[in-house]
Amino acid sequence: MSKLKIMVTGGAGYIGSHMTAMLIERGYEVVVFDSLVTGHKDAVSSNADLFVSDLANHQSVEDCFSRYRFDAVMHFASFIQVNESVRDPAKYYKNNVAAGLNLLEAMRKFNTKALVFSSSASIYGEPQAVPIGIDHPKNPLNPYGRSKLIFENMLHDYDIAYGLKSISLRYFNAAGADPSGLLGERHDPETHLIPLVLQVAAGRRKHIEIFGNDYPTKDGTCIRDYIHVVDLCEAHILALEALLQGYGSAAYNIGNGAGYSVLEVIDAAKRVTGKEIATVLSPRRAGDPGALVADASSIKKAFKWQPKYTDLAAIIRHAWAWETR
Ligand SMILES: NC(=O)c1ccc[n+]([C@@H]2O[C@H](COP(=O)([O-])OP(=O)(O)OC[C@H]3O[C@@H](n4cnc5c(N)ncnc54)[C@H](O)[C@@H]3O)[C@@H](O)[C@H]2O)c1
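Calculation rules
Within every chain, residues take consecutive numbers counted from 1 along the sequence as written. Totals for whole chains, interfaces and linings use all residues, but because this is a predicted model, local features are given only for residues with pLDDT of at least 70 and pairs of side-chain atoms are given and counted only at 80 or more. With C-beta atoms placed from the backbone, the exposure class of a residue follows from how many other C-beta atoms lie within 10 Å of its own: 20 or more, buried; 12 or fewer, exposed; in between, partly exposed. A run of DSSP states H or I qualifies as a helix once it reaches four residues; a run of E qualifies as a strand once it reaches two. Both are numbered from the N-terminal end. Between any two strands, at least two bridges found by DSSP are needed for them to pair. Every crossover in which the path from the first strand over the helix to the second runs clockwise, viewed with the strands pointing away from the viewer, is termed right-handed. Multiplying 1.5 Å by the helix residue count minus one yields the expected span of that helix. By definition, residues are in contact whenever their C-beta atoms, placed on the basis of the backbone, come within 7 Å of each other. Where each domain begins and ends follows an automated or database-derived domain assignment. When residues are grouped by polarity, Ala, Val, Leu, Ile, Met, Phe, Trp, Tyr, Cys and Pro land in nonpolar, Asp, Glu, Lys and Arg in charged, and all others, Gly among them, in polar. Only the contacting stretch of a helix is used when fitting its axis, a line to C-alpha atoms as for every element, and angles between N-to-C directions run 0 to 180 degrees. For classification purposes, angles smaller than 35 degrees are called roughly parallel, those larger than 145 roughly antiparallel, those between 65 and 115 roughly perpendicular, and all remaining angles oblique. Crossing handedness: left-handed means the near helix sits turned counterclockwise from the far one by under a right angle, and right-handed means the same turn made clockwise. Whether a residue is near a molecule or strand depends on its C-beta atom, generated from backbone atoms, being within 6 Å of that molecule or strand.

## Here's the deal with the pairing of strand E1 (residues 5-9)
Across the five residues of E1, four count as buried, placing the element largely inside the fold. One ladder, built from five bridges, connects E1 with strand E2 (residues 29-34); its direction is parallel. If you follow Met-7 over to E2, its bridge partner there is Val-31. Note on the crossover from E1 through helix H1 (residues 14-25) to E2: the handedness is right-handed. Looking at chain direction, E1 and strand E4 (residues 72-75) are connected through four bridges and run parallel. In the strand pairing of E4, Thr-9 is matched with His-75.

## Some points on helix H5 (residues 143-162)
Each turn of an α-helix holds 3.6 residues, which means side chains three or four residues apart point in the same direction. In this model, H5 (20 residues) spans 27 Å end to end at C-alpha, consistent with the 28 Å of a helix rising 1.5 Å per residue. The complete set of buried residues in H5 reads Pro-143, Tyr-144, Gly-145, Arg-146, Ser-147, Lys-148, Leu-149, Phe-151, Leu-155 and Tyr-158. For H5, the elements touching its buried residues are helix H3 (82-87), helix H4 (89-109), strand E5 (114-120) and strand E6 (165-171). Phi turns positive one or two residues past the end of H5, at Gly-163, with a value near 75 degrees.

## Considerations on the sheet that holds strand E12 (residues 260-261)
Each strand in a sheet pairs with its neighbour through backbone hydrogen bonds, running either in the same direction (parallel) or in the opposite one (antiparallel). Taken together, the three strands give an open sheet; going across it, the order is E12-E9-E14, and neighbouring strands pair in mixed fashion. Each end of this open sheet is capped by a strand with a single partner; those strands are E12 and strand E14 (291-292).

## Remarks on the domain arrangement of the chain
Looking at the assigned domains, one finds that the chain contains domain 1 (5-175 + 226-254) and domain 2 (193-225 + 257-323). Between the C-alpha centres of domain 1 and domain 2 the distance comes to 24 Å. Counting residues per element, the ones that place at least two in the side of domain 1 that touches domain 2 are strand E7 (173-175), strand E10 (226-228), helix H7 (229-244) and strand E11 (250-254). When residues in the side of domain 1 that touches domain 2 are grouped by element, the largest group, six residues, is from H7. A per-class count over the side of domain 1 that touches domain 2 returns 17 nonpolar, five polar and three charged.

## A few points about the packing of H4 against H5
One way to put it is that H4 packs onto H5 with a least axis distance of 9 Å and a crossing angle of 20 degrees. With respect to their mutual orientation, H4 and H5 come out roughly parallel. Handedness of the crossing formed by H4 with H5: right-handed. In this structure, H4 contributes Pro-89, Tyr-92, Tyr-93, Asn-96, Val-97, Gly-100, Leu-101, Leu-104 and Arg-108 to the contact, and H5 contributes Pro-143, Tyr-144, Ser-147, Lys-148, Ile-150, Phe-151, Met-154, Tyr-158 and Tyr-162.

## Describing helix H6 (residues 193-201)
By the criterion of burial, H6 is predominantly enclosed, with eight of the nine residues buried. Of the residues making up H6, those classed as buried are Leu-193, Ile-194, Pro-195, Leu-196, Val-197, Leu-198, Val-200 and Ala-201. Looking at the buried positions of H6, the neighbouring elements they touch are E7, strand E8 (208-211), E10, helix H8 (262-273) and helix H10 (312-323). One or two steps after H6, the chain reaches Gly-203, where phi turns positive at roughly 85 degrees.

## Focus on the site of the ligand
Taken together, 28 residues are adjacent to the ligand, and Gly-10, Gly-13, Gly-39, Ser-78 and Ala-174 come closest. Taken together, the elements giving at least two residues each to the shell around the ligand come down to H1, H4, E5 and E7. Its residues assigned to classes, the shell around the ligand shows 13 nonpolar, 13 polar and two charged.

What follows is the structure, given as structure tokens:
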């Protein structure tokens, strides 16, 4: 039997590179479509084909579909920095919405009917209740979050009109690294807490900035839900298999369901690394909710997904192995 062929957009990035490796291990044929604008060629498994191009180039997206005839798509490619999206919303709508539309149009033209989309908890905005369930109101606070919500809405319309089935996975904070130590997070600039804290531990940064210690949380610092990248990728495999078996369109939250404060992350990182981690206290950042924790019960129920790495220390240990590779 020939292998199922999966297109992974953004497969040279942090999450997409882990996904590519897992898909290959599970017997899929993978083509990574990535412009390398923020991704890394050396993160792409040598067992995958790498098609270097930009989704904004609709002709090359079509060329890729025409060459490979995909069974399904996993769509990770996007810009991801909230602050930058506020400064330059056009960049985010062009890439995360307009370029994504080229992908949907190519899927329509080449009759590829299944897509797993990297959505985000940022579509919810300021939480009205924690943990956040999938029916929580959607009021994104910035253009990044709005670009993700617009794309989810586009997927809804493409299903009704053209029968394109999709599963949107709304990640909370992806973290950790492949336990092999061969893949990990490499954003530039890095904006995520765990790699930043570990860069301080490794002596590559002077200190970690804590934005606000007067939130109504256990220690006054912001609480976030950290989900191991491997658990995240497992959820994608389950979503992909469901779509390939004829499951309908849906959206799910992906998180651990446990919240950790900034100070708890720093303490756990000190214990894992055995290093001192200098901190500097700064004022709150606009649009930073006090607590974001996922209620992921719907995907647990639908696909029997269970995160394996529920312990923050395990997530940090893998990230540390990557950071000190
Ligand atoms: N990292 C997180 O915690 C997190 C949380 C919620 C949602 N997400 C979503 O998950 C996805 C992956 O995030 P990541 O952290 O791996 O980001 P990343 O920046 O590491 O990876 C994105 C990849 O997409 C590629 N890319 C971007 N625009 C492209 C385009 N127009 N054409 C082709 N390739 C393009 C980049 O080169 C890069 O390799 C994103 O959609 C992001 O919004 C991430």
